[in-house]
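# Per-entry structural report
In case you want the letters, here they are:
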Amino acid sequence: MPTLDLEDLSIPDIHNLPPDALPALSSSLFDGLKFDTSIISHCDGSSSLTISDNLKLICSINGPIESSLKLELPDKLALDISVNSSLSTTNNSNNQLIENNLRKLLIRKINLSMYPKQLLVINFQFLVSPSENSLFQKNSPPNTPSSSSSSSYLLELMACINAAYLALLDANISLTSSFNSVIINNNSSNHLICYDHNHLHTINNSTTDHDIIILYSESLGRFSQSTLFNILFNFGYKKSLLLNFHFASLYKSIIKQKFIYTDNK
Amino acid sequence: MVKGVVLSRNEQEFLLQLLAQGKRLDGREIEQFRDVEIKLGEEYGYVDVKLGRSRVVVRISSEIVKPFEDRPFEGIFNINIELNSNLLLFSSSDNDELLIQRMIEKSIKRSNSLDLESLCIIAGKFCWSIKADLHFIEFDGNFIDISNLAVIVGLLHFKLNNVTINNNQNASGGSNNDQQYANLIIHPINEIDPISLSILHIPISITFSFYTSTSSGGDTGDNDKDNDKDQSVICLLDASLKEEMLRQSFLIITMNKNKEVCQILKNGGLPIDALTILNCCNRAVKIVDELTEKIKSTLKEDQLRRLENVPLDELRAENARQTNEL
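Residues numbered from 1 in each chain as written. Chains lettered and ligands numbered in written order. Predicted model: local features only at pLDDT ≥ 70, side-chain atom pairs only at ≥ 80, totals over all residues. Heavy atoms only, no water.

With an unreviewed UniProt entry as reference, chain B is termed Ribosomal protein S5 domain 2-like protein, source organism Ascoidea rubescens DSM 1968. In UniProt, chain B has this text filed under Sequence similarities (unreviewed entry): "Belongs to the RNase PH family." (UniProt positions renumbered as here; feature names shortened; annotations may be inferred.)

Chain A carries the name Exoribonuclease phosphorolytic domain-containing protein in an unreviewed UniProt entry, which gives Ascoidea rubescens DSM 1968 as its organism. Entered under Subcellular location (unreviewed entry) in the UniProt record, the comment concerning chain A runs "Nucleus". Here chain A is described in UniProt, under the heading Sequence similarities (unreviewed entry), as follows: "Belongs to the RNase PH family."

All names here are of chain B. Across the interface, helix H2 (residues 95-109) lies against helix H3 (residues 143-157) with an axial gap of 10 Å and an inter-helix angle of 45°. Accordingly, the angle class assigned to the pair H2 and H3 is oblique. As for how H2 packs across H3, the hand of that crossing is right-handed. Across from Leu 99, Ile 100, Met 103, Ile 104, Ser 107 and Ile 108 in H2, the residues of H3 making contact are Phe 143, Ile 144, Ser 147, Asn 148, Val 151, Ile 152 and Leu 155. For the contact of H2 with H3, the residue count by class is ten nonpolar, three polar and no charged. (Axes fitted to C-alpha atoms, helices over the stretch in contact; angles between N-to-C directions. Helix = DSSP H or I, 4+ residues; strand = E, 2+ residues; numbered from the N terminus. Parallel < 35°, antiparallel > 145°, perpendicular 65-115°, else oblique. Left-handed = near helix turned anticlockwise from the far one by under 90°. Contact = heavy atoms within 4.5 Å. Nonpolar A, V, L, I, M, F, W, Y, C, P; charged D, E, K, R; others polar.)

On to the pattern of salt bridges. Residue and element names in this part refer to chain B. On inspection of all chains with the given rule, the structure shows 19 salt bridges over all chains. The salt bridge partner of Asp 238 is Arg 34, with a shortest N-O separation of 2.9 Å. Note that Asp 238 is positioned in the loop between strand S12 (230-237) and helix H5 (241-246) and Arg 34 in the loop between helix H1 (9-20) and strand S1 (36-40), a separation of 204 residues in sequence. Across the pair, exposure class does not vary: Asp 238 and Arg 34 are buried alike. The partner of Asp 48 in a salt bridge is Arg 55, with the nearest N and O atoms 2.7 Å apart. For the pair shown, Asp 48 and Arg 55 are each scored as buried. Each of Asp 26, Arg 28, Arg 34, Asp 140 and Asp 238 takes part in a single network of salt bridges with overlapping partners. (Salt bridge = Lys/Arg side-chain N within 4 Å of Asp/Glu carboxyl O. Buried < 20%, exposed > 50% of the residue type's maximum accessible area, 1.4 Å probe, protein only.)

Turning our attention to unusual backbone geometry. Here Gly63(A) and Pro64(A) are connected by a cis peptide whose omega angle stands at 0°. The topology assignment puts Pro64(A) in strand S3 (residues 55-66). Positioned with a positive phi, Ser38(A) is a non-glycine residue whose angle comes to about 55°. With respect to the helices, strands and loops of the structure, Ser38(A) is situated in the loop between strand S1 (33-37) and strand S2 (45-51). Non-glycine residue Asn142(B) carries a positive phi angle of around 60°. Relative to the helices and strands, Asn142(B) resides in the loop between strand S6 (126-138) and H3.

Our next topic: the packing of aromatic side chains. Residues and elements named next belong to chain A. Taken as a whole and assessed by the stated rule, the structure comprises seven aromatic pairs over all chains. Residues Tyr 165 and Phe 247 carry aromatic rings whose centres are separated by 5.7 Å and whose planes lie at 35° to one another, so their mutual orientation is tilted. Note that Tyr 165 is positioned in helix H4 (residues 149-170) and Phe 247 in helix H5 (residues 225-259), a separation of 82 residues in sequence. With relative accessibility at 6%, the residue Tyr 165 sits in the buried group. (Phe/Tyr/Trp six-rings, centres within 6.5 Å; stacked < 30°, edge-to-face > 60°.)

Written out as structure tokens, the structure reads:
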């Protein structure tokens, strides 16, 4: 991903943006981020997320379904999360880490008590992954160091969080609040932050006073405390807010298509 | 079978009656193949194939390994299919998975479509191992045809890194394995152009589904006793998911453009006339021709797109000769 200069940050007031300006803004800010929902007809909810040609991810959700006795929880929903690589030869340690982090995050965001004794199966399938798309690296002899594995992990986790959010909405699963994650590349560090947009009524484009709630943050590289705080409370939050509006605009159009019928023919 | 797809008895009977009348649910003709959409990715070996609503993504990857001891002059080709751990919840046993894997192996590997000897780097020491990972994204029937098509397109699209063998064995230190690897120089794709795989022919699988229908001679209902009920066999091409659930038998023919049959598999208990199989072969030839042309044109378009930004004139070794007319 291209490096963003924090000094050049000038995000306009997103609450007063014309509707046409949002896609153009997001494409420049989110480096070719594209997403779509309801791509698999046999699933209860699905989404796809593409970041230029570096990453392609599909998330599918099946459930809430009847749980097996082994996984069943008496008072809440059980989650079965699996992350699959696009190539069978790659090692699964990154996937395990992503699964664990996603579980921690989704347990807090899904309204688990709404679905007691049931199971939600969430599958992530990478079609293209940044850790695999280097031909030379892949074919190099053993013990060759892979420099980009840590940053690609952050990118993969970011994609999984956002894809999960879209797929959960598509599957009509009750959530406690909306959330999304952004990745910010500084000159010497990479930061992944997941924000909670608890008090934000995005469908109506009306906002109330909202606190900045950080659900998850992970940073890699060398950076100062002031840089981190600037990213967490200023740049990252604005970027997350913009992404949230972008997701909302997608769902606004879906709701208009699916649920609002007009006789304008 | 995919989760949540259940046919009621009424639906089954309706579908069979429709087929007996020569009609299909999606409005296609009995012998009509659905439109195939092939998308090639930016990375070599990434292919996204859609057949109607069925969708398969294939990733081809390669690595350098030691060849099998009994086949020191050959490379390795593996297919990896995981239906159960994928995006769709399959409730079937491993039979489907195994069938698809066997079919691709028979069509591509055993018909010598992929020249395994060309994958050998140093006999008995190093060879390329090619792996095809299939991801099933959407299922609406005919998985075998689409999987086979996607794998062969992936192999045609995939390119291997150029490898040179360093004959100056001056590598000192390290283990024996490191020394062996030190003799190989794997060139990145921006240094030396990668090499296409040696594909000798393009095998394409076509599946025919068979149904029996009890068709009566005249109008149904009034004179049931007088009607002579015949059991006629309906042969259907490119069955959809619902049609697949009802079929009594199926025939998979893999052919190439040279009208060579690479493999035939007939599954199911329904006996099929030998002439019907010959007719199926004749029908398959036309479809194979069309699909082969489509594959070739798609690959050519991709190649031209990649060459758009390459200054080919500057890369030419010879200069344009200017004749001085004195």
